[in-house]
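What follows is the residue order along each chain.
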Amino acid sequence: MGIKSAEENKALVLKAFDTLFNKRDYAKAAEFWSENYIQHSAHIAPGRDGLFNLIRSLPDTLRYENAHIIADGDYVMLHGRFAGHGRSRAWIAADIVRMEGGRLAEHWDVLQDEVAKEESKSGLPMFGTSFAEPSHQPAAAPPLTIEQARMIVAPLYDALNEPTKKDVATLLAKATIPDYRSYHTNEDWLTRDQLAEVFKLIGSAVPDLHWTTEDIQTFGDQIVVRGKATGTPQGEFWGAKPTGKSFSTMAIDIFTVKNGKLASAYHVENWMAALEQIGK
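Source: prediction; values computed, not measured.

(A) Up close: the sheet that holds strand 10 (residues 247-258). Across the sheet, six strands lie side by side as 7-6-11-10-9-8; this open sheet has mixed pairing. Looking at strand neighbours, the two that pair on one side only are strand 7 (189-190) and strand 8 (210-219), the edges of this open sheet. Pairing analysis gives eight bridges linking strand 10 to strand 11 (residues 261-269), with the strands arranged antiparallel. Bridge pairing in strand 11 links Ile254 to Tyr266. Lying on the sheet, helix 6 (residues 192-205) is in contact with strand 6 (176-183) and strand 7; it crosses strand 6 at an angle near 60°. Each of strand 8, strand 9 (222-231), strand 10 and strand 11 touches helix 7 (residues 271-279); the most contacted strand, strand 10, lies at about 160° to it.

Here it is, written out as structure tokens:
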């Protein structure tokens with residue numbers, strides 16, 4: 001791909017921001033961001049996936065507006081506003097991106113909370129020609145209560161109790177958003193449909209599988225669950241033949257909630273302990 005002009009780079013970056021932040025078209029946005037994207041922001045996890053996963057976790061009301069954009073060689077700098085992200089104030093952002101091969105390859109940013117006129121020592125707006133309207137400073141969503149968290153995760157854990165007797169796909173659809181991601185490592189994840197198949201696979205090996213919630217905590221829009229999985233394998237279980245013995249092991253799930261449903265999860269199960277128990 002040939003070297004792009006400053007005007008072409010500016011147009012491309014604005015289109016990329018609109019595609020990701022406003023339209024939430026992740027497949028199309030992947031065409032603008034390099035697979036080897038380098039992230040310097042203190043607020044965003046590394047790589048292209050770190051950015052995309054952050055946007056997935058934010059409310060659908062998120063909007064990006066641009067006030068100024070300049071380009072110098074491979075570098076593009078933007079002055080913009082991120083509003084509707086679930087916090088009490090919009091963010092005024094200075095973003096710097098480095099272009100490579102016609103794609104966004106590296107990013108730096110500086111963020112400030114947008115202030116009202118009476119809070120501004122300069123007396124001038126931080127963005128545009130006027131101070132933000134109330135719509136740019138939405139009230140922060142109240143933190144989840146423990147009872148709300150229990151209700152949100154209940155269908156997912158219901159699907160884990162004797163899965164062969166349940167409509168697992170329907171239960172997961174009740175608990176999660178359509179593009180739910182279940183992470184079993186920091187980078188690797190399953191879709192909701194793939195997760196349903198895993199639940200059914202475990203259930204076929206452990207017909208009496210039971211999953212109980214031992215403790216549940218909330219932190220803003222996140223839910224942390226300490227669970228207990230028990231059962232007696234009747235078929236091959238993670239490569240181990242059935243011995244007639246049962247297991248009881250621990251699991252930790254960290255969920256992010258979006259619009260009242262689970263948007264993503266990072267989970268760890270102590271299957272090694274379970275295999276040791278059934279092998280003794």
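We are not done yet, so read on.
(B) Just the side chain of Ser57, in detail. Residue position: Ser57 is located in helix 3 (residues 47-57). There is a polar contact of 2.6 Å between the side chain of Ser57 and the backbone oxygen of Leu54. Not counting the four nearest positions on each side in its chain, Ser57 is found in contact with Asp221, Thr256 and Val257.

(C) View of the pairing of strand 4 (residues 91-100). In the sheet, strand 3 (residues 75-83) pairs with strand 4 via eight bridges, with the strands oriented antiparallel. Each residue of the ladder has a partner; that of Arg81, found in strand 4, is Ile92. The sheet contact formed by strand 4 and strand 5 (residues 103-113) spans ten bridges and is antiparallel. Residue pairing for strand 5: Ala94 is matched across the bridge by Val110. In this antiparallel pair of consecutive strands, strand 4 and strand 5, the connection spans two residues, and Gly101 shows a positive phi of 65°.

(D) Broad picture of helix 1 (residues 6-22). Along its 17 residues, helix 1 runs 23 Å from first to last C-alpha, staying within 8% of the 24 Å computed at 1.5 Å per residue. Taken as a whole, helix 1 has its buried residues at Asn9, Lys10, Leu12, Val13, Ala16, Phe17, Thr19, Leu20, Phe21 and Asn22. The positive-phi residue at the C-terminal boundary of helix 1 is Arg24, with phi of around 55°.

Parameters at a glance
Residues numbered from 1 in each chain as written. Predicted model: local features only at pLDDT ≥ 70, side-chain atom pairs only at ≥ 80, totals over all residues. Heavy atoms only, no water. Pairing = 2+ DSSP bridges. Helix = DSSP H or I, 4+ residues; strand = E, 2+ residues; numbered from the N terminus. Contact = heavy atoms within 4.5 Å. Axes fitted to C-alpha atoms, helices over the stretch in contact; angles between N-to-C directions. Polar contact = N/O pair within 3.5 Å; in protein donor to acceptor, adjacent residues only side chain to side chain. Expected span 1.5 Å × (residues − 1). Buried < 20%, exposed > 50% of the residue type's maximum accessible area, 1.4 Å probe, protein only.

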